[in-house]
Amino acid sequence: MKKRPDFLAHAVLLLGVLLFMFPIWVAFAGATQSAAAINRGAISLVPEFRKLGVFVQALSFSNANAPVWHMLLVSFFMALAIAIGKIVISALSAFAIAFFRFPLRMVAFWLIFITLMLPIVVRIVPTYAVMSDLHLIDTFPGLTLPLIASATATLLFRQIFIAVPDELVEAAKLDGAGPMRFFWDVLLPVSRANIAALFVIEFVYGWNQYLWPLLVTTKGGLNTIVIGIVQMITGDQLIPWNLVMATTILALLPPILVVLAMQRWFVAGLTEADK
Amino acid sequence: MATLELQGLAKSFGNTKVLHGLDVKLDDGEMLVIVGGSGCGKSTLLRLVAGLESPTAGRILLDGKDITHVDPSKRDVAMVFQNYALYPHMSVFENMAYGLKLKGMPKAEIAKRVEEAADTLSLSALLGRKPGQLSGGQRQRVAMGRAIVREPKLFLFDEPLSNLDAKLRVQVRADIRKLQKRLNVTSLYVTHDQVEAMTLADRLAVMEQGVAAQIATPLEVFARPADQFVAGFIGDPSMNFCKAVLCAGGHGAKLAAGPEVALPGEASWGPEGMAVMLGIRPQHVVIEPGTGPLGFAVALEEPLGSEALLHGTLPDGEAFRIRVPYPAPQATALTISLPAAHLHLFDAQTGKRLEIA
Ligand SMILES: Nc1ncnc2c1ncn2[C@@H]1O[C@H](COP(=O)(O)OP(=O)(O)O)[C@@H](O)[C@H]1O
Ligand SMILES: [Mg+2]
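What counts and how
- Residues numbered from 1 in each chain as written.
- Chains lettered and ligands numbered in written order.
- Predicted model: local features only at pLDDT ≥ 70, side-chain atom pairs only at ≥ 80, totals over all residues.
- Heavy atoms only, no water.
- Helix = DSSP H or I, 4+ residues; strand = E, 2+ residues; numbered from the N terminus.
- Buried < 20%, exposed > 50% of the residue type's maximum accessible area, 1.4 Å probe, protein only.
- Contact = heavy atoms within 4.5 Å.
- Pairing = 2+ DSSP bridges.
- Axes fitted to C-alpha atoms, helices over the stretch in contact; angles between N-to-C directions.
- Near = heavy atom within 4 Å.
- Polar contact = N/O pair within 3.5 Å; in protein donor to acceptor, adjacent residues only side chain to side chain.
- Areas by Shrake-Rupley, 256 points an atom, 1.4 Å probe, with all protein chains shown as cover.
- Buried area = accessible area lost by both parts, 1.4 Å probe.
- Salt bridge = Lys/Arg side-chain N within 4 Å of Asp/Glu carboxyl O.
- Nonpolar A, V, L, I, M, F, W, Y, C, P; charged D, E, K, R; others polar.

*Asks:* Teacher, can you tell me more about the overall build of chain B here?
*Replies:* Within chain B, the regular secondary structure consists of eight helices and 20 strands. Looking at chain B residue by residue over its 357 residues, the buried ones come to 51%. The contacts of chain B with a sequence gap of at least 6 include a subset with a gap of at least 24, amounting to 65%.

Take a look at the structure:
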């Protein structure tokens, strides 16, 4: 239908890209300059390429309670545990709700649904109490478990699962696949594009957590990178802005890598799936 | 290899009765085709036999063994689904092998069976492909292959051709029949297409609203339909019906459209004045220019190549069709006669076929 490129649309999109990229560029350029210059407010938009080593230097920077590389690792494993945990738990609960008739099925469904309306901030005090009773404060499970239960992902999986044709379920039954076999051999592979998308969303969600990790960890060993960055800029000594900016850029990388890695997956899944 | 017997098989969903107690017995290697309009309970019947639903009443015997409550995968039946139900993420080979794998069959044996089936169905070159990369006809064959490799006692087909285009359908239809005969597997085949039903069936079961209106060979069903529903359902173009009452001591019938017609046979068809429905197939109506007893007003001519179908009405307004050799007579009013030998009589009240004792 369209013959010539739509210049207006491109212009708007380009403007959007610039708007989003600008702060990141400032951080990148700032990382390569001296802290003193930045403190003076004399930040240049042209990076000094001689000083790219600052990113390596930042890895072992430890203005907060732990070195940056350690906090990156904690964040990575936390996000990974949350994303995988959410997918496992919600896929299983959605499986139960979508494929089985059991007493109180709809009650269970609505209970899960209702928790959607309670943001983590609202239930944070009781959650803290529970974790404390379980002696999980300052532990990795305490950091991740409360964030794993997910109504959103359960609902999403349910929608995906009920769209699976009945005939496919029946064919599997005739082939002799029990429920868990069907789940593993058919349902999960059929939904892998959705799983990839969900993994990306939940990984980024986990990576960006701030309030709960802040509450539940008191020792430096479990500090996440998001907490670390905040701590770096709240001290009263002179702030090494170049290192802080380098750390910020480093903290952006894992989510970006996950998006890129998963993007290939779910595009491939979308093009070959036919249901 | 196996016989299948359904005894009083009935199924209700809540308060809606879908099947009203079906009795039928299939001989070894027989293909029974169940034909009926959509929603009459055909799929439900197959799903009961497959074990995907459990019946409200009745029993299913396979080879004399009661399998009414046996798990679907242990019934030794294989089903070909309407939309094929292939696993989209598995290759053609894996699709066919999956059931065997779950049975714990050795890999070599699985490969042998799948390759054999693929060979029979000309799928050998496609074994590595995913269903998404296949045409409709190829997918259909994979679905067949998945059924064949299990070497079941019973095949179940649920409208397996309804997603193919007309030309392919004719060919696959013949392929299915050849294959079924060669493997000699007892089969239940469901369709709403009467041509498919007539050509495939050893015996035909015409279903109406959860009841088998007639179970007989295709030719028997065509020649002596058990009731008015079957008569109207089987045959294309479908049978004409005209209202009439018996007269002349039950040896003739007076049409609502006017004239009296002679009825076949020597005996009386019933008491005078009894309301009946006369049936005659469009190809059996005879045009007798000027001399025929019955008037016919032509409303539309459909040329079909070597034949033409004339749509029109009888003098009393009843719709009527005539099939004639091409070219059709170019007239808007014709006179026709209804040869006694080709008349079918049905009780106007019950719709049942009348026979002279
Ligand atoms: N699981 C079900 N629950 C309720 N009604 C059903 C169910 N399955 C089928 N039916 C009803 O049973 C009737 C027969 O369905 P079906 O056997 O699929 O018809 P067909 O295959 O002949 O078109 C339909 O009216 C349908 O609505
Ligand atoms: Mg059906």
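*Asks:* Any chance you could explain the sheet that holds strand β11 (residues 240-247) of chain B here in plain terms?
*Replies:* By way of backbone hydrogen bonds, the strands of a sheet pair with one another, either parallel or antiparallel. Residue and element names in this part refer to chain B. In space, the five strands of this open sheet follow the order β13-β12-β11-β14-β20, with antiparallel pairing throughout. Edge positions in the open sheet fall to β13 (260-262) and β20 (344-347), since each of these has one partner strand only. Across the sheet, the mean angle from the axis of one strand to that of its neighbour is 40°, orientation sign disregarded. Pairing of strand β12 (residues 252-255) with β13 involves three bridges; the strand directions are antiparallel. Directly across from Ala 253, in β13, lies its bridge partner Val 261.

*Asks:* Just to check I follow, could you spell out the site of ligand 1 for this structure?
*Replies:* Residues and elements named next belong to chain B. The environment of ligand 1 is made up of Phe 13, Val 18, Gly 37, Ser 38, Gly 39, Cys 40, Gly 41, Lys 42, Ser 43 and Thr 44. Here an oxygen atom of ligand 1 and a backbone polar atom of Gly 39 are 2.6 Å apart. Separating an oxygen atom of ligand 1 from a backbone N or O atom of Cys 40 is a distance of 3.3 Å. With the chains in place, 55% of the 560 Å² that ligand 1 exposes on its own is no longer accessible. Per element, the largest residue contribution to the shell around ligand 1 is three residues, and it comes from helix α1 (residues 42-50).

*Asks:* Can you help me understand the sheet that holds strand β6 (residues 77-80) of chain B in this one?
*Replies:* Residue and element names in this part refer to chain B. Ordered in space as β6-β7-β8-β3-β9-β10, the six strands form an open sheet in which the pairing is mixed. Here the strands that pair on one side only, and so sit at the sheet edges, are β6 and β10 (211-216). Looking at each pair of strands side by side, their axes are set apart by 15° on average, direction ignored. Pairing of strand β3 (residues 31-35) with strand β9 (residues 203-208), which is carried by four bridges, proceeds in the parallel orientation. Counterpart to Val 35 in the pairing with β9 is Val 206. Packed on one face of the sheet, helix α4 (residues 136-148) meets β6 and β7 (154-158) and runs near 175° to β6.

*Asks:* Explanation requested: the pairing of strand β4 (residues 57-62) of chain B in the structure shown.
*Replies:* The side chains of a regular strand alternate between the sheet's two faces. All names here are of chain B. Relative to β4, strand β1 (residues 4-13) runs antiparallel, the two being bridged by five bridges. Opposite Leu 4, over in β4, you have Leu 62 as the bridge partner. Direction of pairing for β4 relative to strand β5 (residues 65-66): antiparallel, over a ladder of two bridges. Across the sheet, Leu 62 pairs through a bridge with Lys 65, a residue of β5. In this antiparallel pair of consecutive strands, β4 and β5, the connection spans two residues, and Asp 63 shows a positive phi of 60°.

*Asks:* Would you mind going over the interface of chain A and chain B with me for this structure?
*Replies:* By convention, interface size is frequently given as the accessible area that disappears when the constituent parts associate. Facing the 18 residues of chain A at the interface are 25 residues of chain B. If you sort the residues of chain A by the area they bury against chain B, A:Glu167, A:Leu174 and A:Asp175 come out on top, with a joint share of 39%. Counting across the interface, chain A meets chain B through one salt bridge. In this structure, A:Glu170 and B:Arg47 form a salt bridge, with 2.2 Å as the shortest nitrogen-oxygen distance. Viewed at the interface, chain B and chain A are joined by nine residue pairs in polar contact (both at pLDDT 80 or more). Put simply, the parts of the chain that give the side of chain A that touches chain B at least two residues each are α9 (166-174) and α10 (179-190) of chain A. Per-element tally for the side of chain A that touches chain B: the top contributor is α9(A), with seven residues. Its residues placed into classes, the side of chain A that touches chain B shows eight nonpolar, one polar and nine charged.

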